[in-house]
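Structural description and commentary
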Amino acid sequence: MDHKQRYKKLRLLVSRANKERKKQAQKIDILCNDLIAAQRDFIKRLRTISFTANFYEAIIGTTDLNSLILTADKLIKNEICNANVAFFLCQAEDFELHLFESNQPITLEEQRLENCFNPELVDNICKLNKLCTLDDMFAMGLQGNLIGLNQISAFTIPLGQFGQSPGFILIYRSSADKLTAEQLKTIAAVTSGLSQAIASCQALCHSAD
């Protein structure tokens, strides 16, 4: 084998080695990205579990409806910064609105959001029994200042799991700081237990009457 043939063979071997290194580097990158994503998901799950455990620990044994919802309100606001929270509970042909003052200043448009809800809209949201966006609320009859409401990131989270929900939580804040899917998922993790606690408080109140 002459010098030229040896050189050509060497170049071929180097080229193959480089291609193999690139393939290995791509596989390592994919593996690292998968590990990072899995770690992030694990941390998110731990945060949700921690929030759920703290939430249930805080409300356990509470028998007064107003105290129960006040505690839930504080915990949700601690979890979602600058959020405004309102609790809507269905009644026979009306609804109860439980609203506590936020620690953060809110705009005039945001203050009017709860006033845009009427019994028909509340009933429609309860019957739908799923997370609703602002667009969903408009489709079901929400009326208000469109320009003002466009400046708000708002969702409702049902308090029930099956059939018609007994109520829902309205959470909203400025659209400049939109609510995230992860935040909504975290709050949704405690709604089943909160719903049962609300029903127990209501039952105790009715029995006392």
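Below or above, wherever it landed, is the structure these notes cover. (Residues numbered from 1 in each chain as written. Predicted model: local features only at pLDDT ≥ 70, side-chain atom pairs only at ≥ 80, totals over all residues. Heavy atoms only, no water.)

Description of the state of the cysteines
- Inspection of the entire model under this criterion finds one disulfide.
- Residue Cys90 pairs covalently with Cys126 via a disulfide, S to S 2.4 Å. Between Cys90 and Cys126 the disulfide shows an S-S torsion of about 105°. By sign, it is right-handed. Placement of Cys90 in strand E1 (residues 84–90) and of Cys126 in helix H4 (residues 119–128) is noted, with a sequence separation of 36 residues between them. (Disulfide = S-S within 2.5 Å. Helix = DSSP H or I, 4+ residues; strand = E, 2+ residues; numbered from the N terminus.)

Observations concerning unusual backbone geometry
- Its identity as a non-glycine residue notwithstanding, Asn82 has a phi of 65°, on the positive side.
- Mapping Asn82 onto the fold places it in the loop between helix H2 (65–79) and E1.
- By relative accessible area, Asn82 is classed as partly exposed at 41%.
- Despite not being glycine, Asn129 shows a phi value in the positive range, around 55°.
- Tracing the backbone through its elements, the reader meets Asn129 in the loop between H4 and strand E3 (132–133).
- For Asn129, a relative accessible area of 12% corresponds to the buried category. (Buried < 20%, exposed > 50% of the residue type's maximum accessible area, 1.4 Å probe, protein only.)

Digging into the nonpolar core
- Judged by nonpolar contacts, the single largest core of 28 residues is most densely connected at Phe55, Leu68, Phe87, Ile169, Ile171, Ile187 and Leu194.
- Mapped by element, the contributors of at least two residues to this core are helix H1 (3–59), H2, E1, strand E4 (152–158), strand E5 (167–174), helix H7 (181–188) and helix H8 (191–208).
- Per element, the largest residue contribution to this core is six residues, and it comes from H2.
- With 21 residues, the next largest nonpolar core counts Phe95, Phe117, Leu149 and Phe168 among its residues. (Core = buried A, V, L, I, M, F, W, Y, C linked by side-chain atoms within 4.5 Å.)

With respect to H2
- For H2, spanning 15 residues, the distance from its first C-alpha to its last is 21 Å, which sits close to the expected 21 Å at 1.5 Å a residue.
- Within H2, the full set of buried residues consists of Leu65, Leu68, Ile69, Ala72, Asp73, Leu75, Ile76 and Lys77.
- Capping the start of H2 is the job of one residue whose side-chain oxygen sits 3.3 Å from the backbone nitrogen of Asn66: Asp64. (Expected span 1.5 Å × (residues − 1). Polar contact = N/O pair within 3.5 Å; in protein donor to acceptor, adjacent residues only side chain to side chain.)

Concerning the sheet that holds strand E2 (residues 95–99)
- If you walk across this open sheet you meet the five strands as E2-E1-E5-E4-E3, and the pairing is antiparallel. In this open sheet, the two strands that pair with only one neighbour each are E2 and E3.
- Relative to E5, E1 runs antiparallel, the two being bridged by six bridges. In the strand pairing of E5, Phe87 is matched with Ile169. (Pairing = 2+ DSSP bridges.)

Considerations on the pattern of salt bridges
- Applying the stated criterion to the full structure yields four salt bridges.
- With a shortest N-O distance of 3.0 Å, Asp73 and Lys77 are connected by a salt bridge. Of this pair, Asp73 and Lys77 both sit in helix H2, four residues apart, which is roughly one turn of that helix.
- Residue classification places Lys77 among the buried positions, given a relative accessible area of 15%.
- For Asp177, the salt bridge goes to Arg173, with nearest N and O atoms at 3.4 Å. (Salt bridge = Lys/Arg side-chain N within 4 Å of Asp/Glu carboxyl O.)

Details of a positive patch on the surface
- A cluster of basic side chains, namely Arg16, Lys19, Lys22, Lys23 and Lys27, defines a positive patch on the protein surface.
- If you trace the backbone, Lys27 turns up in helix H1. (Patch = residues over 30% accessible without salt bridge, like charges linked within 9 Å, V, L, I, M, F, W, Y side chains within 5 Å. Areas by Shrake-Rupley, 256 points an atom, 1.4 Å probe, with all protein chains shown as cover. Lys, Arg positive; Asp, Glu negative; His and termini not counted. Charge placed at Lys NZ, Arg CZ, Asp CG, Glu CD.)

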